[in-house]
Amino acid sequence: MLERVVQLDWKTLYRERVVSADEAVGKIKSGDRVVLGHAVGEPLEIVEAMVRNKELYNNVEIVHMVAMGKGAYTKPEMAPHFHHNAIFVGAVTREAVSEGRADYTPCFFSEVPKLFREGYLPVDVALVQLSSPDEHGYCSLGVSVDYTKPALKSAKTVIAQVNDRMPRTMGDSFVHVSEVDYFVEASYPLVELKPPQITEVERAIGENCASLIEDGSTLQLGIGAIPDAVLLFLKDKKDLGIHSEMISDGVVELVEAGVVTNRMKTLHPGKIVVTFLMGTKRLYDFVNNNPMVEMHPVDYVNNPVVIMKNYKMVSVNSCVQVDLMGQVASETIGLKQFSGVGGQVDFVRGASMAQDGKSIIAMPSTASGGKVSRIVPFLDEGGAVTTSRNDVRFIVTEYGIADLKGRSLKERGRALIGIAHPDFRPQLIEEWEKRFRSSF
């Protein structure tokens, strides 16, 4: 009888809190800081309603990492109403940051929840996307737990878009109906990220990276052509595991092929541990109600002390430039803020601390259609160092692998020149000889 009363209570509470998108965004006040759910977890209909009702607000601060919506609040005409504070710069927000209409706040992905909880960036309103409630009144954050759940927990007001297409994911992804102030019901397919085209260059990089990955390793893979290329060359491996800030469709293929079993993992054995997801419907269907996949907030998944508990932890990330000392720039092109730190340093450090762990930075040897070398004597003026020369281990291009750990500056330079594009090696050798007053 008591259980029946509880069931009725949450259902009544839910119905009482269902409002339209326009009603919901009327709860936002001028001067509020509004945190949007991350990536595919962005509640698109609520965000569109907020922009539509712009005249209600002055100086509302919008905080998020990757945006998958239109980012209309960053347009010049929105300046009196909204100001965007980016923790990661994405495609739809890059122009606003570059032109000074939006700000960028540097931060490791793992530390974003701390910004919200400890008052560095207090959250007035969290706009999130949830699955439909289950029979116990719990909704799932689905594809984006990351900083989205900590933002929800820290917010004064929580507005949730309930999308019946959002998968119900396991782990620490659940939110009870009683924790949400207003619900907006919606039904539309999640944003899909189609697999990238993989060129011969990326295939060569993927093969080189895969040569460093042993049976029984636990992997962190980013997003894009290089991580997907790495996955192509893992099909002869055995008992791989996944502990990653995100995964995409390629991991599903390896699970179905019996390559990813998570059997040898020393932390969460048998489980894929991840904090957010981006891919196609195939991925979203795979994770729905799947006990193999556990979603956790990013301050757990990306915590280097947690990562290091995985035996044979291997991280694979990409970058923009590497200089001859081994300094890695992954987020800026000179003074231009192109992306963000994300989880690269979290996983480089976690993998480095793990027993038999390896951290890999992989990139094509050139950019701009082969006109520019990514291995350079000096980072571009104004460029930020993402992964320091003290943290870096393997640098991989299509021309090979440079292991920089324990090597002197002179040795690092030689190793990096050896994996640079042949067209640029003479200039790099000339700079190396100037610096070390030695013959290459």
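Residues numbered from 1 in each chain as written. Predicted model: local features only at pLDDT ≥ 70, side-chain atom pairs only at ≥ 80, totals over all residues. Heavy atoms only, no water.

Before going further, it helps to spend a moment on the overall build of the protein chain. Scanning the protein chain from terminus to terminus reveals 15 helices and 25 strands. Taken against the 2.2 N^0.38 rule, which gives 22 Å for 440 residues, the C-alpha radius of gyration of the protein chain at 23 Å falls within 12% of a compact globule. C-alpha atoms of the protein chain, sized along the principal axes, occupy 80 × 50 × 35 Å. Expressed as a percentage of the 440 residues in the protein chain, the buried residues total 58%. Sequence separation of 24 or more characterises 70% of the internal contacts of the protein chain that already satisfy a separation of 6 or more. (Helix = DSSP H or I, 4+ residues; strand = E, 2+ residues; numbered from the N terminus. Rg over C-alpha atoms; globule rule 2.2 N^0.38 Å. Buried < 20%, exposed > 50% of the residue type's maximum accessible area, 1.4 Å probe, protein only. Contact = heavy atoms within 4.5 Å.)

As a further point, take empty space enclosed by the protein. Overall, the coordinates contain 1 cavity of 30 Å³ or more when judged by the stated rule. Counted as a void, the largest cavity has a volume near 30 Å³. Lining the largest cavity are Leu221, Gly222, Pro227, Asp228, Leu231, Met246, Ile247, Ser248 and Val251. The set of elements that each furnish at least two residues to the lining of the largest cavity consists of α8 (225-232) and β12 (241-247). Ranked by residues supplied to the lining of the largest cavity, first place goes to α8 with 3 residues. Considered class by class, the residues forming the lining of the largest cavity number 6 nonpolar, 2 polar and 1 charged. (1 Å grid on protein atoms, 1.4 Å probe; cavity = no way out; pocket = protein on both sides within 12 Å on 5 of 7 lines; lining within 4 Å. Points joined across faces, edges and corners; volume = space filled by probe spheres on them. Nonpolar A, V, L, I, M, F, W, Y, C, P; charged D, E, K, R; others polar.)

On to the pairing of strand β1 (residues 33-36), then. Burial along β1 is two-sided: the residues Arg33 and Val35 and Val34 and Leu36 are all buried. The pairing of β1 with strand β2 (residues 60-64) spans 3 bridges and is classified as parallel. Bridging across to β2, Val34 finds its partner in Ile62. One crossover worth recording links β1 to the parallel β2 by way of helix α3 (residues 44-52), and it is right-handed. Strand direction decides the pairing type here: β1 and strand β5 (residues 125-130), joined by 3 bridges, are parallel. Note that in β5 the partner of Val35 across the bridge is Ala126. (Pairing = 2+ DSSP bridges. Right-handed = clockwise from strand over helix to strand, strands pointing away.)

Pairs can form between side chains of opposite charge whenever their charged atoms are close. Summed over all chains, the structure comprises 21 salt bridges. Close ionic contact of Lys281 with Asp285 constitutes a salt bridge, the shortest N to O distance being 2.8 Å. Taken together, the positions of Lys281 and Asp285, both in helix α10 (residues 281-287) and 4 residues apart, correspond to about one turn of that helix. Classification of Asp285 as partly exposed rests on a relative accessible area of 45%. (Salt bridge = Lys/Arg side-chain N within 4 Å of Asp/Glu carboxyl O.)

Before going further, it helps to spend a moment on the environment of Gln161. Within the secondary structure, Gln161 sits in strand β7 (residues 157-163). Measuring from C-alpha to C-alpha, the distance between Gln161 and Glu185 comes to 5.8 Å, with 24 residues separating the pair along the chain. Residues contacting Gln161, with those up to four places away along its chain left out, are Pro43, Leu44, Glu45, Ile46, Val128, Gln129, Leu130, Val184, Ala186 and Tyr188. Among the polar contacts made by the side chain of Gln161, one reaches the side chain of Gln129 at a distance of 3.2 Å. (Polar contact = N/O pair within 3.5 Å; in protein donor to acceptor, adjacent residues only side chain to side chain.)

Let's shift gears to the nonpolar core. Of all hydrophobic cores here, the largest spans 77 residues; its most connected members are Phe116, Leu234, Ile272 and Ile360. When neighbours within four sequence positions are excluded, Ile272 is seen to be in contact with Ile242, Ile247, Val251, Val255, Val260, Asn262, Phe286, Met292, Val293 and Glu294. If you look at the next biggest cluster of nonpolar residues, it comprises 23 residues, including Met50, Val51, Tyr73 and Phe82. (Core = buried A, V, L, I, M, F, W, Y, C linked by side-chain atoms within 4.5 Å.)

Burial within β5 is extensive, with 6 of its 6 residues counted as buried. Burial along β5 is two-sided: the face carrying Val125, Leu127 and Gln129 and the face carrying Ala126, Val128 and Leu130 are both buried. Here 6 bridges tie β5 to β7, and the two strands are oriented parallel to one another. Considered in β7, the bridge of Val128 is made with Ala160.

Before going further, it helps to examine the sheet that holds strand β4 (residues 102-104). Pairing is parallel across the open sheet formed by 7 strands, whose spatial order is β4-β3-β2-β1-β5-β7-β10. The open sheet has two edge strands, β4 and β10 (182-186), and neither has a second partner. Each strand axis lies, on average, 20° off the axis of its neighbour in the sheet, ignoring direction. Sheet contacts for α3: β1, β2, β3 (82-86), β5, β7 and β10; angle to β7, the most-contacted strand, approximately 125°. (Axes fitted to C-alpha atoms, helices over the stretch in contact; angles between N-to-C directions.)

Below, the discussion takes up the packing of helix α7 (residues 200-210) against α8. For the pair α7 and α8, interaxial distance at closest approach is 7 Å and the crossing angle is 60°. Taken as axis vectors, α7 and α8 run oblique relative to one another. Along this stretch, α7 crosses α8, giving a crossing that reads as right-handed. Where α7 abuts α8, its residues Glu202, Arg203, Ile205, Gly206, Cys209 and Ala210 lie against Ala225, Ile226, Ala229, Val230 and Leu232. Residue composition of the contact of α7 with α8, by class: 8 nonpolar, 1 polar and 2 charged. (Parallel < 35°, antiparallel > 145°, perpendicular 65-115°, else oblique. Left-handed = near helix turned anticlockwise from the far one by under 90°.)

In this section: the sheet that holds strand β24 (residues 394-397). One open sheet holds the 9 strands; their spatial order is β8-β14-β13-β12-β11-β15-β20-β24-β25, and the pairing between them is mixed. The sheet is open, and its two borders are formed by β8 (170-171) and β25 (400-403), each paired with just one other strand. Taken strand by strand, α7 contacts β15 (313-318), β20 (358-362), β24 and β25, and its axis lies near 150° from that of β24.

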